[in-house]
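Each chain, written out:
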Amino acid sequence: MPVMTTYKSDFLNILDERGFIHQCSDFEGLDKKLCEGTQSAYVGYDPTGASLHIGHLFTIMILHWFQQAGHKPITLMGGGTALIPDPTLKDKTRPLLTPDEINKNIQSIQGVFSKFLTYDGSKTGGVMVNNYDWLKELDYIGFLRDIGLHFTINRMLTFDSVRLRLDRELPMTFIEFNYMILQGYDFLELHRRYGTILQMGGSDQWGNIINGVELGRKKDNAALFGLTAPLLMTTSGQKMGKTEGGAIWLNADLTSPYDYYQFWRNVEDADVIKLLKIFTTLPLAEIKKLETLRGQDINEAKKILAFEATRLCHGEQAAREAQDTAQKVFEQGGVGEDLPSMTIARERLKAGIPVVDLLVETGLASSKGEARRLIQGGGARVNDGKIESTEHSVSASDLTEDNYIKLSAGKKKHALVRV
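The numbering scheme is per chain: residues are counted from 1 as the chain's sequence reads. Confidence filtering applies because this is a predicted model: local features only for residues at pLDDT of at least 70, side-chain atom pairs given and counted only at 80 or more, and all residues used for totals across whole chains, interfaces and linings. Think of the side-chain values as coming from all heavy atoms in the structure, minus any hydrogens and water.

**Some thoughts on the overall build of the protein**
And then number 1: Counting from the N terminus, the helices are DSSP H or I runs at least four residues long and the strands are E runs at least two residues long. Helix and strand counts for the protein stand at 18 helices and 15 strands.
And then number 2: Using a 1.4 Å probe on the protein chains alone, a residue whose accessible area is under 20% of its type maximum counts as buried, one over 50% counts as exposed, and one in between counts as partly exposed. Counting over 419 residues, the protein shows a buried share of 47%.
And then number 3: Put simply, 71% of the contacts in the protein that link residues at least 6 apart link residues at least 24 apart. In what follows, a contact means two residues having at least one pair of non-hydrogen atoms within 4.5 Å.

**Notes on the pairing of strand S14 (residues 404-409)**
And then number 1: Across the six residues of S14, six count as buried, placing the element largely inside the fold.
And then number 2: The alternating pattern of S14 places Tyr404, Lys406 and Ser408 and Ile405, Leu407 and Ala409 on opposite faces, both of which are buried.
And then number 3: By this definition, two strands are paired if DSSP reports at least two bridges between them. Here strand S11 (residues 380-382) pairs with S14 via three bridges, running antiparallel. Of the residues in S14, the one forming a bridge with arginine 381 is serine 408.

**As for a nonpolar patch on the surface**
And then number 1: Residues Tyr140, Ile141 and Leu144 make up a contiguous nonpolar surface patch of about 290 Å² in total accessible area.
And then number 2: Along the chain, isoleucine 141 turns up in helix H6 (residues 140-146).
And then number 3: By relative accessible area, isoleucine 141 is classed as exposed at 54%. Within the patch definition used here, like charges are joined within 9 Å and nonpolar side chains (Val, Leu, Ile, Met, Phe, Trp, Tyr) within 5 Å, considering only residues with over 30% relative accessible area and no salt bridge. The Shrake-Rupley method, run with a 1.4 Å probe sphere, supplies the accessible areas, and residue values consider only the shown protein chains as cover. Any carboxyl oxygen of Asp or Glu that lies within 4 Å of a side-chain nitrogen of Lys or Arg is treated as forming a salt bridge with it.

**A word on the packing of helix H12 (residues 272-279) against helix H14 (residues 298-314)**
And then number 1: Angles here are taken between N-to-C directions and fall from 0 to 180 degrees, while the axes themselves are lines fitted to C-alpha atoms, restricted in helices to the stretch in contact. At a minimum axis distance of 10 Å, the contact between H12 and H14 shows a crossing angle of 20°. Compared by their axis directions, H12 and H14 come out roughly parallel. Remark: the crossing between H12 and H14 carries left-handed chirality. Across the interface between the two elements, Val272, Leu275, Leu276 and Phe279 from H12 touch Ile298, Ala301, Lys302, Ile304, Leu305, Ala309 and Leu312 from H14.
And then number 2: Following the grouping adopted for this structure description, the nonpolar residues are Ala, Val, Leu, Ile, Met, Phe, Trp, Tyr, Cys and Pro, the charged ones are Asp, Glu, Lys and Arg, and the polar ones are all others, Gly among them. For the contact of H12 with H14, the residue count by class is 10 nonpolar, no polar and one charged. An angle below 35 degrees is treated as roughly parallel, one above 145 as roughly antiparallel, one from 65 to 115 as roughly perpendicular, and anything else as oblique. Less than a right angle of anticlockwise turn of the near helix away from the far helix marks a crossing as left-handed, whereas a clockwise turn marks it as right-handed.

**Notes on the sheet that holds strand S4 (residues 127-130)**
And then number 1: With mixed pairing, six strands are arranged side by side in an open sheet as S1-S6-S5-S2-S3-S4. Of all strands in the sheet, those bounded by a partner on one side alone are strand S1 (23-24) and S4.
And then number 2: Sheet topology places strand S5 (residues 198-202) next to strand S6 (residues 225-229); five bridges connect them, and they run parallel. Note on S6: the bridge partner recorded for glycine 202 is alanine 229.
And then number 3: Of the strands in this sheet, strand S2 (40-45), strand S3 (72-77), S5 and S6 are in contact with helix H3 (residues 54-68), which crosses S2 at around 165°.

**Here we look at the packing of helix H1 (residues 10-18) against H3**
And then number 1: Two elements in contact, H1 and H3, have axes whose closest approach is 9 Å; the angle formed by their N-to-C orientations is 140°. Considering the angle they form, H1 stands oblique to H3. Crossing geometry of H1 relative to H3 is assigned as right-handed. In this structure, H1 uses Phe11, Ile14, Leu15 and Arg18 to contact H3, whose residues at the interface are Ile62, Trp65 and Phe66.
And then number 2: Of the residues in the contact of H1 with H3, the class split is six nonpolar, no polar and one charged.

**Remarks on the packing of aromatic side chains**
And then number 1: Working definition: rings of Phe, Tyr and Trp (its six-membered ring) pair if their centres are within 6.5 Å, and the pair is stacked with planes under 30 degrees apart, edge-to-face with planes over 60 apart, and tilted otherwise. Inspection of the entire model under this criterion finds 10 aromatic pairs.
And then number 2: On the numbers, 6.0 Å between centres and 45° between planes, the contact of tyrosine 7 with phenylalanine 27 is tilted. Of the two residues, tyrosine 7 is situated in the segment before H1 and phenylalanine 27 in helix H2 (residues 27-34); the sequence distance between them amounts to 20 residues.
And then number 3: Judged by its relative accessible area of 8%, tyrosine 7 is buried.
And then number 4: Their ring planes at 75° and their centres at 6.0 Å tell us that tyrosine 260 and tryptophan 264 sit as a pair that is edge-to-face. In this pair, tyrosine 260 and tryptophan 264 both sit in helix H11 (residues 257-265), four residues apart, roughly one turn of the helix.
And then number 5: Each residue in the set Phe20, Phe58, Tyr260, Phe263, Trp264 and Phe279 is aromatic and connected to the rest through ring pairs, giving one cluster.

**A short note on the confidence of the model for the protein**
And then number 1: Of all residues in the protein, 89% have pLDDT values of 70 or greater, and the mean over the chain is 86.
And then number 2: The lowest-confidence element of the protein is strand S7 (residues 242-243), averaging 58 in pLDDT; the highest-confidence one is S3, averaging 98. The predictor attaches a confidence to each residue, called pLDDT, with possible values from 0 through 100.

In structure tokens form, the structure reads like this:
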């Protein structure tokens, strides 16, 4: 369905202006419903890991603006659906997790939402629910008769997540088909419990969302809606939020505030304005002024993006510390307290440590082979001095007056070795 050019509801206008909209099951109907008073909408998150990442943050920001527009956001934790694998576009079936693993993941990630949403019991206060609460009570035979008959294999085979796997002659288990039915049932259950009229998610969830919309119509004659955000790609064609070191996590213990700041600071020039609109709450008028920057001046917009994105996720103090460290490292040639570091025994340093080993141990290189290539390419440094040989060793003589050794991989990755 084509995107409408104008909206009456504040929420859709905000999403449109900031670049969040990809598809909607019924733009006109949703726009009208959103003008009829406070509504509730949800996004589902399967706790398959200990943290959410930037890809999830895209939809968290949509929920943020939903609440700011005067509506009630629901964050659905997939404690039940995480027990079975979803039919993703990946080649392999997702590994099965135990209930204990899922509960630990939920405890680990749920604190992130309160940084972007307000949970206060008010009319627009956020609600966090777990679909395990209702899925665990289902009677299988009754569920098949009551819900399963509304889903056809013919339709499910048309979904990209299924079709692409079958086209590559890769196996898809029966349990993965069940996932789609359960996700559609979640929408029906939330509508019955909270009057929820809208499910939102990434564009890869379109088929699952439409399942819920249609199930609500067939079972309860309910007018439900689906809305998806576009797949977030960089200008160079890479999936947003992925780096050589892996995903950019929202939990500080997996991606430090400094590394989080640096990710945003180093985005491509052409992506800065788009990302300011999506991942910060800066007024659009301020972002429009930054849009005029050119050349080296774009770095100022990147610093604002990095600070604002880090402030939202990790708080004002962490953002300022990351900002100060980055300034010392990149603009003043020094180091900062927030720079990643590791501690080694002085006795080990006295004997001399191959710099190849230290580059791997500090995480600046993923392997000794990569470390050697980094040195051979002229990108490895000790205390800002270029390393000329892959046989170079670091010793106590390299310690600065402040008892650290600064290692660098290129211009943007640094770490401290302390004793």
